[in-house]
Amino acid sequence: MPFKSGKSPQDVAKKVNDKIDHIVNVQLEIALTAVIFAIGGKADFYVPVDTNALMNSRATHVAPYGKGYRATLSYGGPKASYALYLHGSATYTPLWKPKPPGTPGKPTGGYNPIATPRWIYRGVAETDIEGMFFEAMKI
């Protein structure tokens, strides 16, 4: 006796697997969002402060990418287009140090004495990414 359309064991197994994939993808997106916000929160401690435009320019984005997701953390934008020059890259580390208000070249503004170039990398280093994923991906 043949099975009705969509009722065979193979059809049921496919539906179950599709549902599991959906649940995992939803949890993965939530986990990535939590991790990228945590990294940003840690990185903010090392962002240079003058007008606060740089810290306020932080942006996070989680989007589908291939068969998974990609999370992006960035600083910059129209009001803080200088972010790359202060942050640096994998091959370039700027040579600057935080200056308190009143020093030559910085008459006013805020001051973060622990500001450092490559602050995003510091945020990554100080975040327990594996632990956060472990907790977020529990079913």
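Structure's up top.
Residues numbered from 1 in each chain as written. Predicted model: local features only at pLDDT ≥ 70, side-chain atom pairs only at ≥ 80, totals over all residues. Heavy atoms only, no water.

**Details of the overall build of the protein chain**
Step number 1: Each helix and strand counted, the protein chain has five helices and two strands in total.
Step number 2: Sequence-ordered secondary structure for the protein chain, helices as α and strands as β, is α-α-β-β-α-α-α.
Step number 3: Computed over its C-alpha atoms, the radius of gyration of the protein chain comes to 22 Å, more than 25% above the 14 Å expected for a compact globule of 139 residues.
Step number 4: If one aligns the C-alpha atoms of the protein chain with their principal axes, the spans along those axes are about 90 × 30 × 25 Å.
Step number 5: Long-range pairs, those at least 24 residues apart, make up 62% of the contacts in the protein chain between residues at least 6 apart in sequence.
Step number 6: In the form shown here, the protein chain has an accessible surface area of approximately 9600 Å², with 62% of it arising from carbon and sulfur atoms. (Helix = DSSP H or I, 4+ residues; strand = E, 2+ residues; numbered from the N terminus. Rg over C-alpha atoms; globule rule 2.2 N^0.38 Å. Contact = heavy atoms within 4.5 Å. Areas by Shrake-Rupley, 256 points an atom, 1.4 Å probe, with all protein chains shown as cover.)

**So, the pairing of strand 2 (residues 68-74)**
Step number 1: As paired elements, strand 1 (residues 59-65) and strand 2 share seven bridges and run antiparallel to each other. Across the sheet, the residue bridging to Tyr 65 is Gly 68, located in strand 2.
Step number 2: Hairpin geometry of strand 1 and strand 2 is characterised by an intervening segment of two residues between the two adjacent antiparallel strands and by a positive phi of about 60° at Gly 66. (Pairing = 2+ DSSP bridges.)

**Let's talk about the pattern of salt bridges**
Step number 1: Across all of its chains, the model carries five salt bridges by this definition.
Step number 2: As a salt-bridge pair, Lys 14 and Asp 18 come within 2.9 Å of each other at their nearest N and O atoms. Taken together, the positions of Lys 14 and Asp 18, both in helix 1 (residues 9-43) and four residues apart, correspond to about one turn of that helix.
Step number 3: Taking relative accessible area as the criterion, Asp 18 reaches 38% and is therefore assigned partly exposed.
Step number 4: Of the charged contacts in the structure, one is a salt bridge between Glu 135 and Lys 138, with a shortest N-O distance of 3.3 Å. (Salt bridge = Lys/Arg side-chain N within 4 Å of Asp/Glu carboxyl O. Buried < 20%, exposed > 50% of the residue type's maximum accessible area, 1.4 Å probe, protein only.)

**Focus: the nonpolar core**
Step number 1: Grouped together as the largest cluster of nonpolar side chains are 15 residues, with contacts concentrated most on Val 47, Leu 54, Leu 73, Tyr 75, Trp 119 and Ile 120.
Step number 2: When contributions to this core are tallied by element, the ones reaching two or more residues are helix 1 and helix 4 (119-125).
Step number 3: Take this core: its biggest share by element is five residues, from helix 1.
Step number 4: Aside from chain neighbours lying at most four places away, what touches Leu 54 is Val 47, Pro 48, Tyr 75, Ala 80, Tyr 82, Ala 83, Leu 86 and Trp 119. (Core = buried A, V, L, I, M, F, W, Y, C linked by side-chain atoms within 4.5 Å.)

**A few points about the environment of Leu 32**
Step number 1: Assignment of secondary structure puts Leu 32 in helix 1.
Step number 2: For Leu 32, a relative accessible area of 13% gives the class buried.
Step number 3: Measuring from C-alpha to C-alpha, the distance between Leu 32 and Val 124 comes to 13 Å, with 92 residues separating the pair along the chain.
Step number 4: What Leu 32 contacts, discounting residues up to four positions off in sequence, is Val 62, Tyr 69, Arg 70, Ala 71 and Phe 133.

**Some remarks on unusual backbone geometry**
Step number 1: Positive phi is not limited to glycine here, since Asn 52 has a value of about 75°.
Step number 2: Among the secondary structure elements, Asn 52 is positioned in the loop between helix 1 and helix 2 (53-56).

**Quick look at a nonpolar patch on the surface**
Step number 1: Nonpolar side chains collect at one region of the surface, where Val 12, Val 16, Ile 20, Ile 23, Val 24 and Ile 139 lie side by side and expose about 520 Å² of accessible area between them.
Step number 2: Checked against the element boundaries, Ile 139 lands in the segment after helix 5 (129-136). (Patch = residues over 30% accessible without salt bridge, like charges linked within 9 Å, V, L, I, M, F, W, Y side chains within 5 Å.)

**Describing the side chain of Ser 57**
Step number 1: With respect to the helices, strands and loops of the structure, Ser 57 is situated in the loop between helix 2 and strand 1.
Step number 2: Using a relative accessible area of 15% as the deciding quantity, one classes Ser 57 as buried.
Step number 3: At 2.6 Å, the side chain of Ser 57 and the backbone oxygen of Leu 54 are in polar contact.
Step number 4: If we skip the residues at most four places from it in the chain, Ser 57 touches Ser 74, Tyr 75, Gly 76 and Ala 80. (Polar contact = N/O pair within 3.5 Å; in protein donor to acceptor, adjacent residues only side chain to side chain.)

It is worth stressing that arrangement in space is one thing and function is another; only the former is reported here.
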